[in-house]
Amino acid sequence: MTPGPVPVPSTVLKKLALPMIHHRTPEFEEILTRALAELKTVFRTKLPVMILTSTGSGAMEAAIVNTLSPGDEVLCVDSGKFGERWAQIAESYGVQVHRHKIPWGEALKPKEIEKILRQCPSIKAVLTQVCETSTATLHPIEELAQTLRQFPHCLFMVDAITAIGATPLAMDDWGLDVVVAGSQKAFMLPTGISFITLSEKAWKAQQSARCPRFYWDLKREREANEKNQTYFSSAVGLIRALEEVLGQFQGSGLNKSIRRCEKLAQATRLTSGLLGLEVFSQSPAPSVTALTVPANINGEKLRDHLESQYAISVMGGQDQLKGKVIRIGHLGAISDQDMLATIKALGLSLRDLGSTSLTTAQIQKAVQLCKKTLRQK
Ligand SMILES: *Cc1c(COP(=O)(O)O)cnc(C)c1O
């Protein structure tokens, strides 16, 4: 029940067990071609989506080195650990970062970003998460994209790693310039591949971007993809499994995945209140929920207890939230039974660790409410 890596469906696991084939074969080229075409539907773009052999952070680095030059100024929305990561990667390449710090758990405000961009017309790009996984917060990306239309010189780059497949996102319609995603989140795959797509404007920026790049050179990757190949060796096993996931996303499948995440998030939010836990974020994400634990209980202990006594893995908080929250993921192959078991174990664990006021009847009530919520259309 962590927000990544997530449980992998059994149909996908079967693909991962197939014998290896070479990546320069007609058989694999067909698989790759189909996967690359399907990815466009998922990102809702007409432009190429590329598959990189790296975790999501690699795709974030690729986004930066392909569109920016040392000395360029960018605005990074810093609303948690992953916002910090955008800033750290950019700074590693000599890009000058304006950090737009937002209190953890709050969503960005497009008006504030507009104000900063008016004050600093030299800012060439805005970088943000769609869902900030460390605080389980959803940002209003469509609205920000609309605001950013007033600044056509500015690139809008989004980390959609816990967003694609969990919340609606339309690259072309919204006018996003770079979108990145990763395999071990809503794509329901093991860790190891990531995805990136660039708008026409971002490809134009690529021609003059001077950040050093070799492995991350997306122009070379795109040219290889046009010949139904990847530039370096392909992650054959993961791409075959990806094809299976993309098959499940076809038709209404992607919307189903989004609705499922929303439902699990809703069930978690509704029932945790009955257990005496508050939702941490003021703009809760559909992909992960952060719950504030009662002051007399240590969140890290609660996490360990769930793992050792009930075999349920959730995540704790990072940095300033360490010990204060637990995070429950809603991505991947999570069954109703998994969700119910989690709520029950959470109630029992809280009681084991000292929530004396929590009665068996209350825990049962929470489980019943969870069941009812999951069964609603
Ligand atoms: C998981 C995640 C990443 C990437 O992490 P990797 O470990 O590099 O895959 C980046 N951004 C967000 C919002 C994430 O949830």
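Just above sits the structure.
Because the structure is a prediction, the values reported are computed rather than measured. (Residues numbered from 1 in each chain as written. Predicted model: local features only at pLDDT ≥ 70, side-chain atom pairs only at ≥ 80, totals over all residues. Heavy atoms only, no water.)

Asks: Which parts of the structure should I look at to understand the pairing of strand 8 (residues 178–182)?
Replies: Consecutive side chains of a regular strand alternate in pointing toward one face of the sheet and then the other. Across the five residues that make up strand 8, a large majority, five, are buried. Residues Val 178, Val 180 and Gly 182 of strand 8 are buried on one face, and the alternating residues Val 179 and Ala 181, pointing to the opposite face, are buried as well. Of the strand pairs in this sheet, strand 7 (residues 155–159) and strand 8 are connected by three bridges, and their pairing is parallel. Opposite Val 158, over in strand 8, you have Val 179 as the bridge partner. Two strands pair when backbone bridges link them, and strand 8 and strand 9 (residues 194–198) are joined in this way by five bridges, in the antiparallel orientation. Each residue of the ladder has a partner; that of Ala 181, found in strand 9, is Phe 195. (Buried < 20%, exposed > 50% of the residue type's maximum accessible area, 1.4 Å probe, protein only. Helix = DSSP H or I, 4+ residues; strand = E, 2+ residues; numbered from the N terminus. Pairing = 2+ DSSP bridges.)

Asks: I keep staring at the packing of aromatic side chains and nothing clicks. Help me out?
Replies: Any aromatic ring pair is given by two values, namely how distant the centres are and how the planes are angled relative to each other. What the rule picks out here adds up to six aromatic pairs. The interplanar angle of 55° and the centroid separation of 6.2 Å between the aromatic rings of Phe 214 and Phe 232 together place this pair among those described as tilted. Here Phe 214, found in the loop between helix 8 (200–208) and helix 9 (218–226), pairs with Phe 232, found in the loop between helix 9 and helix 10 (236–249); they are 18 residues apart in sequence, far enough to count as distant. Note on Tyr 215 and Phe 232: the rings are 4.9 Å apart at their centroids and 25° apart in plane angle, and the pair reads as stacked. With Tyr 215 in the loop between helix 8 and helix 9 and Phe 232 in the loop between helix 9 and helix 10, the pair connects residues that are 17 residues apart, well separated along the chain. Tyr 215 sits in the partly exposed class, given a relative accessible area of 38%. An aromatic cluster of three or more residues is present, and its members are Phe 214, Tyr 215, Trp 216, Tyr 231 and Phe 232. A cation sits over an aromatic face here: Arg 220 above Phe 214, 4.6 Å from the ring centre. (Phe/Tyr/Trp six-rings, centres within 6.5 Å; stacked < 30°, edge-to-face > 60°. Lys NZ or Arg CZ within 6 Å of the ring centre and 35° of its normal.)

Asks: Sorry, what's going on with the sheet that holds strand 11 (residues 288–292) here?
Replies: Across the sheet, four strands lie side by side as 10-11-13-12; this open sheet has antiparallel pairing. Because the sheet does not close on itself, it has two edges, and the strands there are strand 10 (278–279) and strand 12 (315–316). By the bridge criterion, five bridges tie strand 11 to strand 13 (residues 325–329) in an arrangement that is antiparallel. Opposite Leu 291, over in strand 13, you have Ile 326 as the bridge partner.

Asks: Please explain the sheet that holds strand 7 as it appears in this structure.
Replies: The pairing of strands in a sheet happens through backbone hydrogen bonds and is either parallel or antiparallel. Strands sit in the order 1-9-8-7-4-2-3 across an open sheet of seven strands; the sheet is mixed. Whereas interior strands pair on both sides, the edge strands pair on one side only; in this sheet they are strand 1 (49–52) and strand 3 (96–101). Averaged over all adjacent pairs, the angle separating strand axes in this sheet is 20°, with direction ignored. Summarising the sheet, strand 2 (residues 73–78) and strand 4 (residues 123–129) pair through four bridges and their orientation is parallel. By the bridge assignment, Cys 76 is partnered in strand 4 with Leu 127. (Axes fitted to C-alpha atoms, helices over the stretch in contact; angles between N-to-C directions.)

Asks: So what exactly am I meant to see when it comes to the site of the ligand here?
Replies: Surrounding the ligand, one finds 14 residues, the nearest of these being Thr 55, Ser 57, Thr 133, Asp 159 and Lys 185. Separating an oxygen atom of the ligand from a side-chain N or O atom of Lys 185 is a distance of 2.8 Å. For the shell around the ligand, the secondary-structure elements that each account for two or more residues are helix 3 (56–67) and helix 4 (81–92). Top element by residues in the shell around the ligand is helix 3. It accounts for three residues. For the shell around the ligand, the residue count by class is four nonpolar, seven polar and three charged. (Near = heavy atom within 4 Å. Polar contact = N/O pair within 3.5 Å; in protein donor to acceptor, adjacent residues only side chain to side chain. Nonpolar A, V, L, I, M, F, W, Y, C, P; charged D, E, K, R; others polar.)

Asks: What is the right way to read the side chain of Ser 69 from this model?
Replies: Among the structural elements, Ser 69 can be located in the loop between helix 3 and strand 2. Side-chain polar atoms of Ser 69 contact the backbone nitrogen of Arg 210, separated by 2.9 Å. Once you skip the residues sitting within four places of it in the chain, Ser 69 turns out to touch Val 95, Ser 208, Ala 209, Arg 210 and Cys 211. (Contact = heavy atoms within 4.5 Å.)

Asks: Explain the packing of helix 13 (residues 336–352) against helix 14 (residues 360–375) to me, please; I cannot follow it from the model alone.
Replies: Describing two packed helices takes the angle between their axes plus the distance from one axis to the other. Across the interface, helix 13 lies against helix 14 with an axial gap of 10 Å and an inter-helix angle of 160°. Considering the angle they form, helix 13 stands roughly antiparallel to helix 14. Crossing handedness for the pair helix 13 and helix 14: right-handed. For the pair helix 13 and helix 14, contact is made by Asp 336, Met 339, Leu 340, Ile 343, Lys 344, Gly 347, Leu 348 and Arg 351 and by Thr 360, Ile 363, Ala 366, Val 367, Cys 370, Lys 371 and Leu 374, respectively. For the contact of helix 13 with helix 14, the per-class residue count stands at nine nonpolar, two polar and four charged. (Parallel < 35°, antiparallel > 145°, perpendicular 65-115°, else oblique. Left-handed = near helix turned anticlockwise from the far one by under 90°.)

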